[in-house]
Amino acid sequence: MCAVSYTGGVNNMFEVLEARKKQVFINGQDDFEVSCNKASTAGAVSQRACVFCGSRVVLYPIADAIHVIHGPIGCAAYTWDLRGSSSSGPELHRMCFSTDIRENEVIYGGEKKLYAVLCELIDKYKPNGAFVYGTCIVGLIGDDMDAVCRRVSEEKGIPVLSVHSEGFKGTKKDGYRAACDALFKLIGTDDTTPVSKDSINILGDFNLAGETWLIENYYKRMGVEVVATITGDGRIGQLRRAHRASLNVVQCSGSMIHLAEMMKEKYGIPFIRVSYFGIEDMTQALYDVAERMEDKSIVEKTRAIVQHDVPELLRKLEPYKQALQGKTAAAYVGGSFKAFSLVKALRHLGMETVVVGSQTGTKEDYDYLKSITVPGTVILDDTNPLELSKFILEKGAELLIGGVKERPIAYKMGIGFVDHNHERKEPLACYEGMLNFAQEVYTSLMSPVWKYSPARIRAAQLRDRSELFEEKENPERESDIHTKIAAAAGGQK
Amino acid sequence: MYLRHTPEKIIERHALTINAAKTCQPIGAMYAALGVHNCLPHSHGSQGCCAYHRSSLTRHYNDPIMATTSSFSEGSSVFGGMSNLNEAIKNIFTLYNPDIIAVHTTCLSEVIGDDLGQIIKNAYQEGRVPPGKVVMHTNTPSFKGSHITGFSNMVTSFVSYMTKKSGKPNGCINIIPSFIEPSDMTEIKRLLTEMGIKFIMLPDTSDVVNGPMDGKFHMFPKGGTTKEQIISMGDSSLTIGLGQIGAEAAPKLLNSKFKVPMELSDLPIGLKATDEFVNLLHEKCGIAVPETLELERGQLLDAMIDKNQYVSGRKVSIVGDPDIVLGMCQFCVENDMKVIHAVSGTPTSEAWEARLREICGPQAVVKTGERADMFYLHQLIKNERPDLLMGNTYAKGIARDEDIPLIRIGYPIYDRMGQQYMPVTGYRGGMRLFCKVLETLMDRQDRDCREEDLEFIM
């Protein structure tokens, strides 16, 4: 049943750990359900984080609230300005506030210090709300964060929400849940501000490099009101009236589906799952929203937008596709929805995904991944660097898409890299983002620095793998492509 | 303005830390363990700790940082983490096969009270540790000290677990640096080699976290102090700790346990401190200072004299880890610059603070430990503006808002390159540091001076 055997690979020294065999699946070869959503094997170099991390990334972009980390300094230090979630106004979220728990609090409890910290902060910064994050140690010493938050909230007259994100209480996903629970307490507390009947909330976009603004702009063009962006460029006030939108549009299903479900149950707001990444998924997202609005002219407007934007995008993508045709990629990302979109988006660039995995995918997610990838593709749940590098080598991937911990692995192996995580510098969502993505893939894969990379030199010599590391035979054609890309890039700006 | 909320008036805070100038112990322990060859750092706690430390070190070094975790669950925090650690030990040796597993605790496992010494002892007795392999641990409670403490604790634990005394001198001296860059470790090793001194440096992260691009992913890079070297440190004739705060504990232990004489010196940053280090080597090892070093020293001094007028009297604010802060202060003072603020989130001692005040002079505000954070420094700067700021990446917020040039020192540096390859220690490092300061100040002068004052010959 568990038919994972690896022979003939480049890197034979390494065997997949017995306990992990059900989390490594080769499409078209294996026949079992990918085991997932389980705690990492102790002793593995897991790329995963903790509950706290999950809560912190979700709530982080709410910019007019203070975010207080109740714990030792580390948890605050490592999540200080942790990703480029832009704000159009206040930037309180970019500060690093900590109770800096010391030995004294470990022994006598940290409630007093937390109370003092919140009061000092709220008096000084005058925020519209406050989030207090529990860390491992708080869970152990048993501080009643809820009570402290309630008291401060009453005294200061702003919502003060405790987030139960003690690190050991599960995986990052449980952290998303804790964040959703905290958000849910805010929602429904403002019933006065008028909201249009054709209105939505954007869930699960974090405004990395200003992506939420791009998405919002599309909805504006369609004639749909965005009530709350929940997290990306989020505001306390928006959240409080979010219950009056007519539809919740959920991206990054892993993090926000819990909130959408709770809002559906309490306020009867339906939700849909979308991805703004790649051409098909972006188009689908816009139509899915349009079709659920009362005003039927919205569908028409959406069609006009798609008809205008997509052909233009395809035209601009063409030179990239010519250059990248036949190249292969590996993708290892947090949420599996991102993995789906990546597989499809890469295909638009003429590239196949040969290794794909996520930290937090579900069984359904992996089934879907099986259905959209080609036979031979390796599907990984919660992988580690050795496994990842082994499959990259075996499959001859020339590009890795991932996050901060994957980047140097790719570079050391001599393959290209695109950050599809916190550290993206250009928006990758929407049609504009697809073009940026193409540009990033191209820049990384085609950079002349690879000419000096031992791996590439070796690969060029190994002509038996020539289809993987194809050198352009005709220099004229290559320079032609460079010109086209330069023109396309210029045209975009 | 990024830090628009910082008021000029220095507010009293009793509890709150804003924009910390330190981080927690375990990351220091992880970094120290990376400086041992074929050693895999292991974080005994929740997965998040390990992920954060790896991300942070990866951002700083732009190299893969390998470490494993006990992946605590709710169950482990109720019943203790013993079974997780046993499972981890088994898996790590099966999968990654390091020579050494260097376990550090986290706040979680500390508060639960896992007795790592006992768990590891049992693992040996029950045959879970393959012959010739080492499993060791250090305690790094995040609610005490800082990353510097964690670094020092891990180094000390390598000694307490592994070092032996055979009684036969190994002809080496031990060098224990504080938390510094691999480039600085390389430079200090070069100084020793130039002098013809045999040494063991623990830890040594050069060629580990600043490895070359060779087309392969190395789980265990080339560099690092070897197991044999650590074992043999009890047979060395001397231990020199470089850094009063981060490099004190291990030499002390080597002294008390194996009677290896010890000297505690400052990090060799700048001319004076490097002189002191070289003189110490000269005295203790009875070796004349070679001409090559005399030349380097002479060149540094020459540069300092040539351009002294451009740095003299300039005011500097410094934030970072204590040993580096002290080194930088010393460097500034010997170049006739005025240190007006020296801040470190890492707790030190009254004596250490007093010494720093003595180095910097009465004008300097010196603060370390609780609430000695970037917010505090920013308030100080709003009250007295320096010409130059030295600190890590996060000092950039202050630098930008106040329009003060920043030279990046310490940890973390997420936004610039070079610290891992080019040193600030030794005479050559001093030259680099001096040129960097000079260029930064001169660039400012060129940018800000009146047109009629624009100088082409500086």
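Residues numbered from 1 in each chain as written. Chains lettered and ligands numbered in written order. Predicted model: local features only at pLDDT ≥ 70, side-chain atom pairs only at ≥ 80, totals over all residues.

**Student:** Hey, could you run me through the overall build of chain B in this one?
**Tutor:** For chain B, the count of helices and strands is 18 helices and 14 strands. In summary, chain B has a C-alpha radius of gyration of 23 Å against a globular reference of 23 Å for 458 residues, a match within 12%. With the C-alpha coordinates of chain B rotated into their principal frame, the extents come out at 80 × 55 × 45 Å. Residue pairs at least 24 apart in sequence account for 72% of intrachain contacts in chain B once pairs closer than 6 positions are excluded. (Helix = DSSP H or I, 4+ residues; strand = E, 2+ residues; numbered from the N terminus. Rg over C-alpha atoms; globule rule 2.2 N^0.38 Å. Contact = placed C-beta atoms within 7 Å.)

**Student:** Sorry, what's going on with helix α18 (residues 426–448) of chain B here?
**Tutor:** Helical geometry: 3.6 residues make up each α-helical turn, so side chains three or four residues apart lie on a common side. Over its 23 residues, α18 of chain B extends 33 Å from the first C-alpha to the last, a length consistent with the 33 Å expected when each residue adds 1.5 Å. Along α18 of chain B, the residues classified as buried are G426, Y427, R428, G429, G430, M431, L433, F434 and V437 of chain B. (Expected span 1.5 Å × (residues − 1). Buried ≥ 20, exposed ≤ 12 C-beta atoms within 10 Å, placed from the backbone.)

**Student:** How do you make sense of the interface of chain B and chain A when you look at a structure like this?
**Tutor:** When the parts of a complex come together, some accessible area is lost, and that lost area is often taken as the interface size. Residue-level contacts link 64 residues of chain B with 62 residues of chain A. For the side of chain B that touches chain A, the secondary structure elements donating two or more residues are β1 (17–18), α2 (47–61), β3 (68–69), α3 (74–79), α4 (82–95) and α5 (107–112) of chain B. Considering each element in turn, the side of chain B that touches chain A owes the most residues, 9 residues, to α2 of chain B. Of the residues in the side of chain B that touches chain A, the class split is 28 nonpolar, 25 polar and 11 charged. Examined bridge by bridge, strand β3 (residues 97–98) of chain A and β1 of chain B share 2 bridges and lie antiparallel to one another. From the neighbouring strand, S98 of chain A faces β1 of chain B, where its bridge partner is T17 of chain B. (Nonpolar A, V, L, I, M, F, W, Y, C, P; charged D, E, K, R; others polar. Pairing = 2+ DSSP bridges.)

**Student:** Sorry if this is basic, but what is going on with the packing of helix α1 (residues 51–59) of chain A against helix α7 (residues 172–186) of chain A here?
**Tutor:** Two measures define how a pair of helices packs: the angle their axes make with one another and the distance between the axes. All names here are of chain A. Interhelical geometry of α1 versus α7 gives an angle of 45 degrees and a closest axis separation of 6 Å. Comparing the axis directions of α1 and α7 gives the class oblique. Crossing geometry of α1 relative to α7 is assigned as right-handed. On α7, the residues that touch V51, F52, C53, G54, S55, V58 and L59 of α1 are K172, K173, D174, G175, Y176, A178, A179 and A182. In the contact of α1 with α7, the residues fall into 9 nonpolar, 3 polar and 3 charged. (Axes fitted to C-alpha atoms, helices over the stretch in contact; angles between N-to-C directions. Parallel < 35°, antiparallel > 145°, perpendicular 65-115°, else oblique. Left-handed = near helix turned anticlockwise from the far one by under 90°.)

**Student:** Just checking my understanding: could you explain the sheet that holds strand β8 (residues 239–242) of chain B for this structure?
**Tutor:** In any sheet, the strands associate via hydrogen bonds between backbone groups, in a parallel or an antiparallel arrangement. Residues and elements named next belong to chain B. Taken in spatial order, the 4 strands make up an open sheet running β7-β6-β8-β9, and their pairing is parallel. Looking along the sheet, the strands with just one partner apiece sit at the ends: β7 (199–201) and β9 (262–265). For this sheet, the mean inter-axis angle between neighbouring strands, taken without regard to orientation, is 20 degrees. Across 4 bridges, the pairing between strand β6 (residues 173–177) and β8 is parallel. Bridged to I176 within β8 is G241. On top of the sheet, helix α11 (residues 270–285) reaches β6, β8 and β9; it is set at about 165 degrees to β9, its chief contact.

**Student:** Is there a simple way to explain the pairing of strand β7 (residues 225–228) of chain A in this structure?
**Tutor:** Looking down a regular strand, the side chains alternate between one sheet face and the other. Residue and element names in this part refer to chain A. By the bridge criterion, 3 bridges tie strand β6 (residues 199–203) to β7 in an arrangement that is parallel. Across the sheet, the residue bridging to S199 is E225, located in β7. Between the parallel pair β6 and β7, the chain is carried across by helix α8 (residues 211–222), and the sense of this crossover is right-handed. (Right-handed = clockwise from strand over helix to strand, strands pointing away.)

**Student:** Looking at this structure, I do not really get helix α17 (residues 430–446) of chain A. What am I missing?
**Tutor:** For α17 of chain A, built from 17 residues, the straight-helix expectation of 24 Å at 1.5 Å per residue is met to within 8% by its first-to-last C-alpha distance of 24 Å. The buried count for α17 of chain A comes to 13 of 17 residues, which makes it a mostly enclosed element.

Just geometry here; none of it tells us what the structure is for.
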